[in-house]
Amino acid sequence: DAKTTQPTSMDCAEGRAANLPCNHSTISGNEYVYWYRQIHSQGPQYIIHGLKNNETNEMASLIITEDRKSSTLILPHATLRDTAVYYCIVRVSNTGKLIFGQGTTLQVKP
Amino acid sequence: GAVVSQHPSRVICKSGTSVKIECRSLDFQATTMFWYRQFPKQSLMLMATSNEGSKATYEQGVEKDKFLINHASLTLSTLTVTSAHPEDSSFYICSALQGNEQYFGPGTRLTVT
């Protein structure tokens, strides 16, 4: 599975949009981009995933560049409860395995 | 959404003893489950893939005789840490595969004294 690169940490003001970038320059054509987050001492929570089109759900939006070498997770109105480690993972959909990188620690500040 | 539970949530055991952790998919059947380990301030590390009715597949460097995995039903996988030592103290997390999506349990904090 392709490796991903994310910033180690980011801050965001409460109520503002949080934009979390992810580089996956070696992604293959059949690999999806997944985003999970982990709040302290809990199991990871699925956020969103996509292949090449932008995706939106009730939690977030996922913007994937046209060359698919990078993506951005957008939390439109961050709250204090969004403080967590956010993981960007690329994987082939039918393998099931998720290989976690170091993720980005997002700190939402009042 | 799909719910995965783990039991116990916390366990303390003495060095040399064995401890079993259960992972259950509550509202769906999962032929495949995964076990991860997470040390403080580190990311999740995949330990093994648990397949119902067959042997687990372990990741490189994970001792299969130390971390016994049993997936005897479509809703239950167990991880047994045998002859636990303090360095096995960690946060153990399972996930269950439904379709193409993984749903994670809340984790089990193991402390070996």
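Every chain begins its residue count from 1, and numbering advances along the sequence as written. Key to labels: chains lettered from A, ligands numbered from 1, both in the order written. Reporting of local features is limited, given that this is a predicted model, to residues whose pLDDT is at least 70; pairs of side-chain atoms are given and counted only at 80 or more, and all residues count toward the totals for whole chains, interfaces and linings. Hydrogen atoms and water are omitted, and side-chain values are computed over all heavy atoms in the structure.

Things to note about the overall build of chain A
For chain A, the helix and strand inventory stands at 0 helices and 9 strands. Beginning at the N terminus, the succession of helices and strands in chain A can be written as β-β-β-β-β-β-β-β-β. What you see for chain A is a C-alpha radius of gyration of 13 Å, in line with the 13 Å of a compact globule of 110 residues. When the backbone C-alpha atoms are referred to their principal axes, chain A occupies close to 40 × 30 × 25 Å. Residues classed as buried in chain A amount to 44% of the 110 residues present. Sequence-distant contacts, at least 24 apart, represent 57% of the contacts inside chain A between residues at least 6 apart. A total of about 5,700 Å² of accessible surface is found on chain A, and carbon and sulfur atoms cover 48% of it. His is not counted, nor are the chain ends, whereas Lys and Arg count as positive and Asp and Glu as negative. Where a charge lies is defined by one atom per residue type, namely NZ (Lys), CZ (Arg), CG (Asp) and CD (Glu). Of the charged side chains in chain A, 10 are positive and 9 negative, and the gap between their average positions amounts to 4 Å. Labels follow the DSSP assignment, with helices taken as runs of H or I lasting at least four residues and strands as runs of E lasting at least two, numbered in each case from the N terminus. Only C-alpha atoms enter the radius of gyration; for comparison, a globular chain is expected to reach 2.2 Å times N to the power 0.38, where N is the number of residues. Burial status follows relative accessibility: with a 1.4 Å probe on protein chains alone, a residue under 20% of its type maximum counts as buried, one over 50% as exposed, and anything between as partly exposed. Should any heavy atoms of two residues lie within 4.5 Å, those residues are considered in contact. Method for areas: the Shrake-Rupley scheme with a 1.4 Å probe, in which residue coverage is limited to the protein chains shown.

Digging into the overall build of chain B
Across its full length, chain B carries 0 helices and 11 strands. In sequence order, the secondary structure elements of chain B are arranged as β-β-β-β-β-β-β-β-β-β-β. Since a compact globule built from 113 residues should have a radius of gyration of about 13 Å, the 13 Å found for chain B is in line with a globular shape. Counting only residues that meet the buried cut, chain B has 50% of its 113 residues in that class. Summarising the internal contacts of chain B: among those between residues at least 6 apart in sequence, 54% fall at separations of at least 24. Of the roughly 5,500 Å² of accessible surface on chain B, a fraction of 50% belongs to carbon and sulfur atoms.

Some details on the sheet that holds strand β3 (residues 19-25) of chain B
Paired through backbone hydrogen bonds, the strands of a sheet run either parallel or antiparallel to each other. Residue and element names in this part refer to chain B. A pair of strands is labelled paired if DSSP reports no fewer than 2 bridges between them. Taken in spatial order, the 4 strands of this open sheet run β1-β3-β8-β7, and their pairing is antiparallel. Unpaired on one side and paired on the other, β1 (4-7) and β7 (67-73) mark the two borders of the sheet. Averaged over all pairs of adjacent strands, the angle between strand axes in this sheet comes to 20 degrees, irrespective of strand direction. Summarising the sheet, β1 and β3 pair through 4 bridges and their orientation is antiparallel. Within the sheet, the bridge partner assigned to Q6 lies in β3 and is C23. Inter-axis angles, ranging from 0 to 180 degrees, are taken between N-to-C directions of lines fitted to C-alpha atoms, where helices are fitted over the stretch in contact.

With respect to the interface of chain A and chain B
Taken together, the contact between chain A and chain B spans 20 residues of the former and 19 residues of the latter. Any carboxyl oxygen of Asp or Glu within 4 Å of a side-chain nitrogen of Lys or Arg constitutes a salt bridge here. Counting every contact that joins chain A to chain B gives 1 salt bridge. Polar contacts, as counted here, are pairs of nitrogen or oxygen atoms within 3.5 Å of one another; within protein the pair requires one atom able to donate a hydrogen and one able to accept it, and residues that are adjacent in sequence qualify only if both atoms are side-chain atoms. Where chain A packs against chain B, one counts 7 residue pairs in polar contact (both at pLDDT 80 or more). With 3 residues, strand β3 (residues 31-38) of chain A is the single largest residue contributor to the side of chain A that touches chain B.

Thoughts on the state of the cysteines
Pairs of cysteine sulfur atoms within 2.5 Å are identified as disulfides in what follows. In total, this model carries 2 disulfides over all chains according to the counting rule given. Residue A:C22 pairs covalently with A:C88 via a disulfide, S to S 2.1 Å. Given an S-S torsion of about -80 degrees, the disulfide between A:C22 and A:C88 has left-handed geometry. Note that A:C22 is positioned in strand β2 (residues 18-23) and A:C88 in strand β8 (residues 84-92), a separation of 66 residues in sequence. Just as A:C22 is buried, A:C88 falls in that class too. Through a disulfide, B:C23 is tied to B:C94; the S-S separation comes to 2.0 Å. Taking the torsion about the S-S bond as the criterion, the B:C23 to B:C94 disulfide, at about 80 degrees, is right-handed.

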